[in-house]
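Commentary on secondary and tertiary structure
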Amino acid sequence: MTRALINVPKTARRGEIIEIKAMVAHPMETGHRADAKGAPIPRNIIHRFVCSYDGEEVFSADLFPAVSANPFIAFTTVATRSGTLTFAWTGDDGQTQVATATITVT
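All values derive from a computational prediction rather than experimental measurement. (Residues numbered from 1 in each chain as written. Predicted model: local features only at pLDDT ≥ 70, side-chain atom pairs only at ≥ 80, totals over all residues. Heavy atoms only, no water.)

Considerations on the overall build of the chain
Cut-off, in case you're wondering: In DSSP terms, a helix is any run of H or I states spanning at least four residues, a strand is any run of E spanning at least two, and both are numbered starting from the N terminus. Here's how the labels work: a residue is buried when its accessible area is under 20% of the maximum for its type, exposed when over 50%, partly exposed in between, all with a 1.4 Å probe on protein chains only. We call two residues contacting when some pair of their heavy atoms lies within 4.5 Å. Every accessible area reported is derived by Shrake-Rupley at a probe size of 1.4 Å, with residue values counting cover from the shown protein chains alone. Lys and Arg are tallied as positive, Asp and Glu as negative. Neither His nor the chain termini are counted. Here the site of a charge means atom NZ of a Lys, CZ of an Arg, CG of an Asp or CD of a Glu.
A count of helices and strands for the chain gives 0 helices and 8 strands. Ordering the α and β elements of the chain from the N terminus gives β-β-β-β-β-β-β-β. The principal-axis extents of the C-alpha atoms in the chain amount to approximately 60 × 20 × 20 Å. Residues counted as buried form 33% of the 106 residues belonging to the chain. For the chain, long-range pairs separated by at least 24 residues make up 58% of all intrachain contacts whose partners lie at least 6 apart in sequence. A total of about 6,200 Å² of accessible surface is found on the chain, and carbon and sulfur atoms cover 52% of it. When the 10 basic and 10 acidic side-chain charges of the chain are each reduced to a single mean position, those positions are 6 Å apart.

Notes on the sheet that holds strand S2 (residues 11–12)
The criterion, for reference: Any two strands with at least two DSSP-identified bridges between them are counted as paired.
If you trace the 5 strands from one edge of the open sheet to the other, you get S2-S8-S7-S4-S5, paired in mixed fashion. Edge positions in the open sheet fall to S2 and strand S5 (56–62), since each of these has one partner strand only. Pairing between strand S4 (residues 46–53) and S5: 6 bridges, direction antiparallel. Directly across from Cys51, in S5, lies its bridge partner Phe59.

Here we look at the environment of Arg48
Heads up, the condition is: Within 3.5 Å is the distance limit for a polar contact, defined as a pair of N or O atoms, with the added protein rule that one can donate a hydrogen and the other accept it, and that residues adjacent in sequence qualify only through two side-chain atoms.
With respect to the helices and strands, the residue Arg48 is situated in strand S4. Here Arg48 falls in the partly exposed class, since its relative accessible area comes to 26%. In the structure, Arg48 is positioned 57 residues away from Val105 in sequence and 28 Å away in space, judged by C-alpha atoms. Not counting chain neighbours up to four residues away, the residues in contact with Arg48 comprise Glu57, Ser60, Ala61, Asp62, Leu63, Ala88, Trp89 and Thr90. In this structure the side chain of Arg48 is engaged in a polar contact, spanning 3.5 Å, whose partner is the side chain of Ser60. In terms of polar contacts, Arg48 uses its side chain to reach the side chain of Asp62, at 2.9 Å.

Observations concerning the pattern of salt bridges
Filter applied, for reference: Here, a salt bridge means any Lys or Arg side-chain nitrogen found within 4 Å of an Asp or Glu carboxyl oxygen.
Tallying each qualifying case throughout the model produces 5 salt bridges. Arg43 serves as the salt-bridge partner of Asp92, at 2.7 Å between the closest nitrogen and oxygen. Placement of Asp92 in the loop between strand S7 (83–91) and strand S8 (96–105) and of Arg43 in the loop between strand S3 (17–24) and S4 is noted, with a sequence separation of 49 residues between them. Owing to a relative accessible area of 43%, Arg43 belongs among the partly exposed residues under this scheme. With its nearest N and O atoms 2.9 Å apart, the salt bridge here joins Asp62 to Arg48. Taken together, the positions of Asp62 in strand S5 and Arg48 in strand S4 put the pair 14 residues apart, joining distant regions of the chain. Relative accessible area serves as the criterion here: at 47%, Asp62 is assigned to the partly exposed category.

Next up, the structure:
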């Protein structure tokens, strides 16, 4: 996998609902297409996305071949404490790309 883009507020008030946006650059190849020589292009998708807030899972999604390249995910959670959000994308090949962001809660 390649580059991940994360958008998390730097600060929030305790109890505030915050929006989180995450995108990873990935081809999301379905395995149903052929290359220029007619050979099938192997399936290569991200099949799982998980976001944890200080070790507690706050959002997860199972992704399927119909998801476009460079999947973009937006969701909300409640700012409860200052800490780290960890984002993990897992692909068919077993590789996991991890990115983190910190938030300060007042």
